[in-house]
Amino acid sequence: MTSTTPSLSERIADGIVAMIEATGLEPGDALVSSRELAKRFEVTTPTIREALRRLEATDVIRFRHGSGTYVSGGVNRRLLVNPHVSQSRSESVLELLDARLVLEPPVAAAAAAKRTELDLAALTRSADNSLKPQQGDERPELHFHVALAGASGNHLLRETVEALLQVRARDQIEIRHRYTDRDRDHADHVRIVEAVRDGDPAAAETLTREHLLAIREALAATIDTTLDINDLEQRR
């Protein structure tokens, strides 16, 4: 039978997270040294380092060579993503869009019912991301659909959308490369923002679904075209 008792390093890692929360440290803030942590938790420095490596793996902390240890964005995240994912494929791109079609329209409806002025400001800023062509693998500081989920007031919904886009980041980047109608993309986002601002859940849900469906249909057409071209080349 496998033991479910957490190891010492796991317990110390939990203790460090509790300490970060109790002291109000935020992402970007420096953590005290390993030696000070060892004194605080009454363990050896190697045990602290093992605990910190666990926290680094989940992006709760980050090591900066020659600078120290810093709190990172994972400290506030309850859903984790696997950064080691396979290369994007046509099927996986469409699979991502299908998943988003199930999840995001009702989230947009919730956003229209719960949004605050701060949410609307974030949505308005992030809507302009769609006007920027995807050059490489860069990602926006705040993804529009993550901001939309954040406006729902439900932190877990926001993290779910964010985690989905992160774990399938290569597919999301591929979508941005393939779907190049920046003006329509932006116009769709603006209409969704207006529905959220108007407090109209039905319109926000419908517009989000139509927006994602339009992207899926456009990508499916490009994928079919690519397959046809590849088939012709193989026959030559």
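The coordinates are above.
Below, the structure is looked at part by part.

Cut-offs used in this document
- Residues numbered from 1 in each chain as written.
- Predicted model: local features only at pLDDT ≥ 70, side-chain atom pairs only at ≥ 80, totals over all residues.
- Heavy atoms only, no water.
- Buried < 20%, exposed > 50% of the residue type's maximum accessible area, 1.4 Å probe, protein only.
- Helix = DSSP H or I, 4+ residues; strand = E, 2+ residues; numbered from the N terminus.
- Arc of directions from axis to C-beta.
- Axes fitted to C-alpha atoms, helices over the stretch in contact; angles between N-to-C directions.
- Parallel < 35°, antiparallel > 145°, perpendicular 65-115°, else oblique.
- Left-handed = near helix turned anticlockwise from the far one by under 90°.
- Contact = heavy atoms within 4.5 Å.
- Nonpolar A, V, L, I, M, F, W, Y, C, P; charged D, E, K, R; others polar.
- Patch = residues over 30% accessible without salt bridge, like charges linked within 9 Å, V, L, I, M, F, W, Y side chains within 5 Å.
- Areas by Shrake-Rupley, 256 points an atom, 1.4 Å probe, with all protein chains shown as cover.
- Salt bridge = Lys/Arg side-chain N within 4 Å of Asp/Glu carboxyl O.
- Lys, Arg positive; Asp, Glu negative; His and termini not counted.
- Charge placed at Lys NZ, Arg CZ, Asp CG, Glu CD.
- Pairing = 2+ DSSP bridges.

## What to know about helix α5 (residues 117-127)
Those residues of α5 that fall on the buried side of the exposure criterion are Asp119, Leu120, Ala122, Leu123, Ser126 and Ala127. Viewed end-on, α5 has its buried residues packed into an arc of 160 degrees, placing them on one side of the element. Facing away from the buried side of α5 by more than 90 degrees, the exposed set consists of Glu117, Leu118 and Arg125.

## Looking at the packing of helix α1 (residues 8-22) against helix α3 (residues 45-57)
Viewed as axis vectors pointing N to C, α1 and α3 meet at an angle of 70 degrees, and their least axial separation amounts to 8 Å. In terms of their interaxial angle, α1 and α3 are classed as roughly perpendicular. Of the two elements, α1 crosses α3, and the hand of that crossing is right-handed. Between α1 and α3, the residues in contact are Leu8, Ser9, Glu10, Ile12, Ala13, Ile16 and Val17 and Thr47, Ile48, Glu50, Ala51, Leu52, Arg54 and Leu55, respectively. A per-class count over the contact of α1 with α3 returns nine nonpolar, two polar and three charged.

## Regarding a positive patch on the surface
There is a patch of like positive charges on the surface, built from Arg35, Lys39, Arg49 and Arg53. Of all the secondary-structure elements, those providing two or more residues to the positive patch are α2 (34-41) and α3. Tracing the backbone through its elements, the reader meets Lys39 in helix α2.

## Observations regarding the pairing of strand β2 (residues 68-71)
One ladder, built from four bridges, connects strand β1 (residues 61-64) with β2; its direction is antiparallel. Bridging across to β2, Arg64 finds its partner in Gly68. Remark: three residues form the turn of the hairpin made by β1 and β2, two consecutive strands paired antiparallel; Gly66 in that turn has positive phi of roughly 80 degrees.

## Comments concerning unusual backbone geometry
Despite not being glycine, Glu42 shows a phi value in the positive range, around 55 degrees. Here Glu42 shows up in the loop between α2 and α3. Assessed through its relative accessible area of 72%, Glu42 is described here as exposed.

## Re α2
Ser34, Leu37 and Ala38 are the residues of α2 that are buried. All buried residues of α2 project into a common sector of 105 degrees when viewed along the axis, lining one side. In α2, the exposed residues that point more than 90 degrees away from the buried face are Arg35, Lys39 and Arg40. Glu42 sits one or two residues past α2 and shows a positive phi near 55 degrees.

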